[in-house]
2 protein chains.
Amino acid sequence: MTDQPTRAAPTSADVARRAGVSRATVSYVLNDSGTARISDATRARVLAAAADLGYVPHAAARSLRSGRTRMVLLPYPSTPMGPLVYGFFAALRHSLAERGYAVASFGGPHAPGGLDTARGWAELRPAALLVADGAALTPEGVDLLRRSGVGALVAFAPRPVPGVHTVLADQCRVGAAAAGRLLARGCRRLGVVVPETAAAQGLGLSRLRGAEEAAGARVERLDLACTEESAARLAARWPALGLDGVFAYNDEYAMLLMRALQDAGVDVPGRTAVVGAGDLLLGRLLRPRLTSVRIGLPDASRLAALIDELVADPGAVPTVVGELKIEVVARESA
Amino acid sequence: MTDQPTRAAPTSADVARRAGVSRATVSYVLNDSGTARISDATRARVLAAAADLGYVPHAAARSLRSGRTRMVLLPYPSTPMGPLVYGFFAALRHSLAERGYAVASFGGPHAPGGLDTARGWAELRPAALLVADGAALTPEGVDLLRRSGVGALVAFAPRPVPGVHTVLADQCRVGAAAAGRLLARGCRRLGVVVPETAAAQGLGLSRLRGAEEAAGARVERLDLACTEESAARLAARWPALGLDGVFAYNDEYAMLLMRALQDAGVDVPGRTAVVGAGDLLLGRLLRPRLTSVRIGLPDASRLAALIDELVADPGAVPTVVGELKIEVVARESA
């Protein structure tokens, strides 16, 4: 089982030979299984032989023996992570590590969704899986993951995913909150920025849809690349657009657009009110100070505790386990 | 080998029973090993049985059979990733995925270095390992990783790491470049911001040391938390400090400090010149436009190609394989 043909890599057989014991004994000692009685002298001999040879057990072999890893799989989201999401994942990794889990992340920036993705995750036999883009999970994928024995299956998704513990994360609500703020201020012709980057566009379109639903009317879609040139071009069209309120997708795009508008002589908020999202520190440093939609992610340590509970009790009926907390932080720009 | 005791998880034995073939045949078909002749009819029967049962092979078993994974291990850096580093890792994951590698990241935000960490990585038997904090690698750790059969061992570190292909990433040079710019402008009393966050402090102290070496004199260390209150307190002390040039750690801290200085009536750059680092878009949106130290990371697709070569030829003599490109982008603030 451990005689894999790796270059110069010592195997448990080498350790057994050197220590003058059986491979089973080596396995008992190095994996601390505690089911067999091994004398202290033998244990010491095995440990010394392993150290001499530089032998480390193969995690895959250990996972096969136990049938299960203590691994939580946390696939990279397909959208770029801002400081908010990045900080949340860092805190979650930390909380899970404190509970004895190894957190592994997989996937490129453009990981495909669907059944093949689910199969790839199932092959790794994680104890738990947290899916950032839960909307991409198909019923077949959920079934496959469940049958492969994933204990805790948690996803962020706009709506409850059948068979999955869901944290409701409906990005439409971010756009709706921003539009609501602008309408309450008396704005009547709204624009919504949609990032041109392919990776961020899905999120941008959800926020646009939410703004449209809240406004109950057509809003102007403003495609914007994350460059000064793109912002200057949009600002040059501003008088023709006649917008008195704009939701700028997030705080970074709001900073970019506000600078371009101010350089083009458009008064913010006098002529056009601007709302960002994310409630980053930079919004408070702008002048006028940026009004922003705060997006409260779940408490990372509570989510880690939930994952731990579900691993212990994988039969728990899937339910909604949390929700983004969306609120407008009103400052000067809108 | 696949009879692991997972709840309701179908095993290759179940597939074999259903298809009426041996487990070896199931293994040949599902792992596409190509060494055994299997009739098309048998192959179809096995695939149908696996699909009916929702069986997926266990990646750990496959990795044991082959002795090696196509996994590149990319442990999370212990310092927080800014947009620059995050973008680089995203591009690298993408390039490696195109070459058929699965990229896995492990470790919490405060993963310890040293031998235990190296042992944990070795247990996973990755084909390649890219260490962001190469300075934490000990000779014993490198030896262990080499002996466990890691093909490509690449690290970012300030100095060449023996036994490891090193990308030279000396953060002192960032501080030295910033101080050099301020001195060339005629500044004589320099300050350097060091972030109060524990995770960012190591990086901050390296940049401070570089500035001190370039200045050939004592520079004022300015501890700053990433809050408006901390920046306001520092700005209130400004007249007493008598500094005519400051390196603000990075562009985000520069934005924070510049706002506080301007609110306190300190003219930038008239009374104090300010330099950031990272050359982010936000620096170009500030007024005055921010002078910044650009940190050029290696080309991600070339690094992926190098890793691929090293996996194929793991005996290649470890050498320096790249270096951060450090240059000052001069704008208005310094």
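Look up: the structure comes first, before these words.
Quick notes on the rules
- One numbering rule holds for all chains: residues counted from 1, following each sequence as written.
- Ligands are numbered from 1 and chains lettered from A, in the order in which they are written.
- Local features are withheld for residues below a pLDDT of 70 in this predicted model, meaning they are given only at 70 or higher, and side-chain atom pairs are given and counted only at 80 or more; totals for whole chains, interfaces and linings count all residues.
- Water and hydrogen atoms were dropped before computing side-chain values, which therefore reflect all heavy atoms in the structure.
- Whenever Lys or Arg places a side-chain nitrogen within 4 Å of a carboxyl oxygen from Asp or Glu, that contact is recorded as a salt bridge.
- By the criteria applied, helices consist of DSSP H or I runs no shorter than four residues and strands consist of E runs no shorter than two, each listed in order from the N terminus.
- The buried label goes to any residue with under 20% of its type's maximum accessible area, the exposed label to any with over 50%, and the partly exposed label to all in between, with areas taken from a 1.4 Å probe on protein chains only.
- A strand pair is defined by DSSP finding two or more bridges across the two strands.
- The axes are straight lines fitted to the C-alpha atoms, using for helices just the contacting stretch, and the angles between their N-to-C directions are given from 0 to 180°.
- Any two residues whose heavy atoms approach within 4.5 Å are treated as being in contact.
- Think of the arc as the fan of directions from the helix axis to the C-beta atoms.

Chemist: Hey, could you go over the pattern of salt bridges for me, with residue numbers and the actual values?
Modeler: Enumeration over the complete set of coordinates arrives at 30 salt bridges over all chains. Across the pair A:Arg331 and A:Asp279 runs a salt bridge whose closest N-O atoms are separated by 2.8 Å. Of this pair, A:Arg331 sits in the segment after strand S12 (325-329) while A:Asp279 sits in the loop between strand S9 (273-277) and helix H13 (281-285), and the two are 52 residues apart along the sequence. Taking the relative accessible area as the measure of exposure, A:Arg331 reaches 21% and is therefore partly exposed. Measuring nitrogen to oxygen at the nearest pair gives 3.5 Å for the salt bridge that ties A:Glu327 to A:Arg294. With A:Glu327 in strand S12 and A:Arg294 in strand S10 (residues 291-296), this pair connects stretches of sequence that are 33 residues apart. When salt bridges with common partners are traced through the structure, they connect A:Glu228, B:Asp279, B:Arg284, B:Arg294, B:Glu327 and B:Arg331 into a single cluster.

Chemist: Could you give an account of the sheet that holds S9(A), naming the residues involved and the relevant values?
Modeler: Residue and element names in this part refer to chain A. Taken in spatial order, the 6 strands of this open sheet run S7-S6-S8-S9-S10-S12, and their pairing is mixed. Because the sheet does not close on itself, it has two edges, and the strands there are strand S7 (220-224) and S12. When the angles between neighbouring strand axes are averaged without regard to direction, this sheet yields 20°. Direction of pairing for S9 relative to S10: parallel, over a ladder of 3 bridges. The residue of S10 that forms the bridge with Ala-277 is Val-293. Across the sheet, helix H9 (residues 198-215) touches strand S6 (190-195), S7, strand S8 (245-247), S9 and S10, and the angle it forms with S6 is around 165°. Most of the contacts of helix H12 (residues 251-263) go to S9, to which it runs at about 155°, and overall it touches S6, S7, S8, S9 and S10.

Chemist: Outline helix H10 (residues 228-236) of chain A, listing residues and values.
Modeler: Residues and elements named next belong to chain A. Along H10, the residues that are buried comprise Ser-230, Ala-231, Leu-234 and Ala-235. Taken end-on, H10 shows its buried residues confined to a sector of 135°, consistent with a single buried face. Seen from the buried face of H10, the exposed residues on the opposite side, beyond 90 degrees, are Arg-233 and Ala-236. Against S7, helix H11 (238-241) and H12 lie the buried residues of H10.

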